[in-house]
Amino acid sequence: MTDILVYVDHVDGAVRKPTLELLTLARRLGEPVAVYLGAGAQAAARILGDNGAVKVLAHDAPEYTDYLVAPKVDALQAACAAVSPAAVLLPSSAEAKEIAARLALRVGAGLVTDAVDVEAGPEGPVTTQSAFAAAFTTRSRVTRDIAVITVKPNSAPVEAAPAAGTIEELAVVFSDQATGTRITSRTRRESTGRPELTEAETVVAGGRGVNGAENFRIIEALADSLGAAVGASRAAVDSGWYPHAHQIGQTGKSVSPQLYVAAGISGAIQHRAGMQTSKTIVAINKDAEAPIFDLADYGVVGDLFEVVPRLTEEIRARKA
Amino acid sequence: MPLRIAVCVKYVPDATGGRHFADDSTVDREDVDGLLSELDEYAVEQALQIADESDDAEITVLTVGPEDAKEALRKALSMGADRAVHVEDDDLHGTDALGTSLVLAKALEHIGYDLVVCGMASTDGAMGVLPALLAERLDVPQATLLSEVSVADGQVTGRRDSDAASERLQASLPAVVSVTDQSGEARYPSFKGIMAAKKKPVESLDLSDLGIDSDEVGLKGAWTAVEAVAERQARTAGTIVNDEGDGGKQLAEFLAAQKYI
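Values in this document were obtained by computation on a predicted structure and should not be read as measured data. (Residues numbered from 1 in each chain as written. Chains lettered and ligands numbered in written order. Predicted model: local features only at pLDDT ≥ 70, side-chain atom pairs only at ≥ 80, totals over all residues. Heavy atoms only, no water.)

A. The arrangement of the sheet that holds strand S17 (residues 298-301) of chain A in detail. Taken in spatial order, the 6 strands make up an open sheet running S14(A)-S13(A)-S15(A)-S16(A)-S17(A)-S13(B), and their pairing is parallel. On the outer flanks of this sheet lie strand S14 (229-232) of chain A together with strand S13 (239-242) of chain B, each paired with one strand and no other. On average, adjacent strands in this sheet sit at an angle of 15° to one another, irrespective of strand direction. Judged from the 4 bridges that link them, strand S16 (residues 280-285) of chain A and S17(A) form a sheet pairing that is parallel. The residue bridging A:Asn285 from the neighbouring strand is A:Val301, located in S17(A). Together, strand S15 (259-263), S16 and S17 of chain A form the strand contacts of helix H10 (residues 304-319) of chain A, whose direction differs from that of S16(A) by roughly 135°. (Pairing = 2+ DSSP bridges. Helix = DSSP H or I, 4+ residues; strand = E, 2+ residues; numbered from the N terminus. Axes fitted to C-alpha atoms, helices over the stretch in contact; angles between N-to-C directions. Contact = heavy atoms within 4.5 Å.)

Right, here's the structure in full:
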């Protein structure tokens, strides 16, 4: 059986959901072998095994936290040498895409980023991607023996598939590049208690129509009633109403939740680029001509300051 | 010796202009207007600011692309870059990101650099991998996705924000840097800048100048192949209601019917 490497994205040992989705996709292509870098492999191996990892190649070294990207590339290169995989799957985070790119060059692999689906094909993995603000869908394959593929969150379900998840120590020799970029300080982001934006099943986003930082409270209240993450359009972020980490669109995050609620967002092409693949889109905007209504499965033409609080109240009442 | 700053820019189809693919599954550049990728304007801006802070610096703007990609170079020159290099060759048609990084790396070695500045991603392909590929090819440190950047004493420092943390980075020159749209508004070219740009040198290079074999690039040299392109089915028009006081309630009913509540 062919081995498929899955790069484990974790925060201090907590495996992030997109990695478990990768294990689902990896099982379609072969036997998933997880690569875990940093401390905490023991606890993580159980979750990885529960989701189909037959093996966990683990390595811990200070280089992974003290330096940017390159040490992880060295480790994945060592993992490729150890198991000769047909494909390496990574989540489409900014960092993992950089790791993927450098790894592809080193191991002579074809590189696909931001896949939304991966299937087995006669000549290796076939990936689906969306292009040009999700106006097009493309299907690609690599023309090399090995494929390095990054996959967007929410592209596959997390499915339990018990496997051994046996930990094996990975031998890594760091290259000269490993220590090239030092991380001199790190400030952890404070958790809002809400789901991570790119991974969330539901996203509630506010735009220009929210008209002020303090008004984002009503967006947050709606999000909390739905257990959703909060997003913002570029206009809202550029106005300083909400932090950039929450920006959805071409220059911000790309999200693909089950439900996307856009409040006071007109739906410029740059915004659509970041949310058009959402399963259900709901829009609230007082401008009936706003392009967001062209995408919406359900739209309310009205004042968001009236509609959103009423909606939140209704949801709370139904859930009570 | 001046600080040699190279800025890599891309000429991209206008996002508002109905982008689509040509028959060979490459981006159609014939039917849509192009422009300097907005995200690369931030790179030009940061290069200009770094140059202003340094005693002596020269900014070369570099692009790979067809004839009209010169427009992207002109824009960067009119913002204040000193000179431009255009890599243009018919055999480049269909080159993938890995191939483009080869061409850029060879061109950077050809022109000489201490600091390479890139935008965070192109606004068309949007892969966001080119700066990392360049660092790998050139065997220099990458300090990428910076929302703040400065250069002093042969070191580049900056701030990189991710979901989990905000980090300060430090690397020795030569290095590859990429900057985000949070790094600072890009300046508009002045009339004087536009006039001056017309006199600035634009050097053209082809694959043979860079010692690249045509098999290494283009569709033939690509390590990925696009098998199918389909226009995504337009979303069918949904239900739109006017709020007459019960819009919130109706929306809640829709969400409940769809099992979201």
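Read on, since the account is not over.
B. Main features of the environment of A:Ile284. Residue and element names in this part refer to chain A. Mapped onto the secondary structure, Ile284 falls in strand S16. When its relative accessible area of 0% is taken as the criterion, Ile284 is described as buried. Each C-alpha atom, one on Ile284 and one on Glu31, is 45 Å from the other, the two residues being 253 residues apart in sequence. (Buried < 20%, exposed > 50% of the residue type's maximum accessible area, 1.4 Å probe, protein only.)

C. Inspection of the environment of B:Arg159 at higher detail. Residue and element names in this part refer to chain B. Along the chain, Arg159 falls in strand S8 (residues 155-161). For Arg159, a relative accessible area of 25% corresponds to the partly exposed category. In this structure, the C-alpha to C-alpha distance between Arg159 and Leu115, residues 44 residues apart in sequence, is 17 Å. When near neighbours in sequence (up to four residues on either side) are disregarded, Arg159 contacts Leu145, Leu146, Ser147, Glu148, Ser166, Glu167 and Arg168.

D. Expanded view of the interface of chain B and chain A. Contact residues are listed per partner, giving 75 residues for chain B and 84 residues for chain A. Looking at the side of chain B facing chain A, the largest losses of area belong to B:Asp163, B:Trp223 and B:Arg235, adding up to 12% of the total buried there. Connecting chain B to chain A are 9 salt bridges. A salt bridge links A:Arg102 to B:Glu136; the nearest nitrogen and oxygen atoms lie 2.8 Å apart. Scanning the region where chain B abuts chain A turns up 41 residue pairs in polar contact (both at pLDDT 80 or more). (Buried area = accessible area lost by both parts, 1.4 Å probe. Salt bridge = Lys/Arg side-chain N within 4 Å of Asp/Glu carboxyl O. Polar contact = N/O pair within 3.5 Å; in protein donor to acceptor, adjacent residues only side chain to side chain.)

E. Focus on the pattern of salt bridges. Counted under the stated rule, the structure contains 39 salt bridges over all chains. With a shortest N-O distance of 3.7 Å, A:Lys17 and A:Glu201 are connected by a salt bridge. Here A:Lys17, found in helix H1 (residues 17-29), pairs with A:Glu201, found in the loop between strand S12 (181-188) and strand S13 (202-206); they are 184 residues apart in sequence, far enough to count as distant. What makes A:Glu201 partly exposed here is its relative accessible area of 46%. One salt bridge connects A:Asp114 with A:Lys97, and the closest N-O pair in it is separated by 3.0 Å. Of this pair, A:Asp114 sits in strand S7 (residues 110-121) while A:Lys97 sits in helix H5 (residues 94-107), placing them 17 residues apart in sequence. Accessibility assignment for this pair places A:Asp114 and A:Lys97 in one class, buried. Salt bridges sharing partners connect three or more residues here, namely A:Asp9, A:Arg16, A:Glu196, A:Glu199, A:Lys253 and B:Asp163.

F. Molecular detail of the sheet that holds strand S11 (residues 202-205) of chain B. Read from one edge of the open sheet, 10 strands run S12(A)-S9(B)-S8(B)-S7(B)-S10(B)-S6(B)-S1(B)-S4(B)-S5(B)-S11(B), paired in mixed fashion. Only two strands of the sheet have a single partner each, and these edge strands are S12 of chain A together with S11 of chain B. With strand direction ignored, the average angle separating the axes of adjacent strands in the sheet is 30°. By the bridge criterion, 5 bridges tie strand S6 (residues 115-119) of chain B to strand S10 (residues 175-179) of chain B in an arrangement that is parallel. Across the sheet, residue B:Cys118 finds its bridge partner in S10(B), namely B:Ser178. Across the face of the sheet, helix H3 (residues 97-111) of chain B comes into contact with strand S1 (3-8), strand S4 (57-64), strand S5 (83-87), S6 and S11 of chain B while running at roughly 150° to S4(B).

G. Quick peek at the pairing of strand S9 (residues 165-172) of chain B. Note that S12(A) and S9(B) share 7 bridges and pair antiparallel. When the sheet's bridge partners are listed, A:Arg186 is paired in S9(B) with B:Glu167. Two elements, S8(B) and S9(B), share 7 bridges in a ladder whose sense is antiparallel. Within S9(B), the position partnered with B:Asp161 by the bridge is B:Ser166.

H. Looking closely at helix H4 (residues 130-138) of chain B. Counting buried positions along H4(B) yields 7 of 9 residues, so the element is predominantly enclosed. Buried residues of H4(B): B:Pro131, B:Ala132, B:Leu133, B:Leu134, B:Ala135, B:Glu136 and B:Leu138, and no others. For H4(B), the secondary structure elements touched by its buried residues are H5 of chain A together with S1, H3, S6, strand S7 (142-152) and S10 of chain B. Directly after H4(B), the chain includes B:Asp139, whose backbone phi takes a positive value near 60°.

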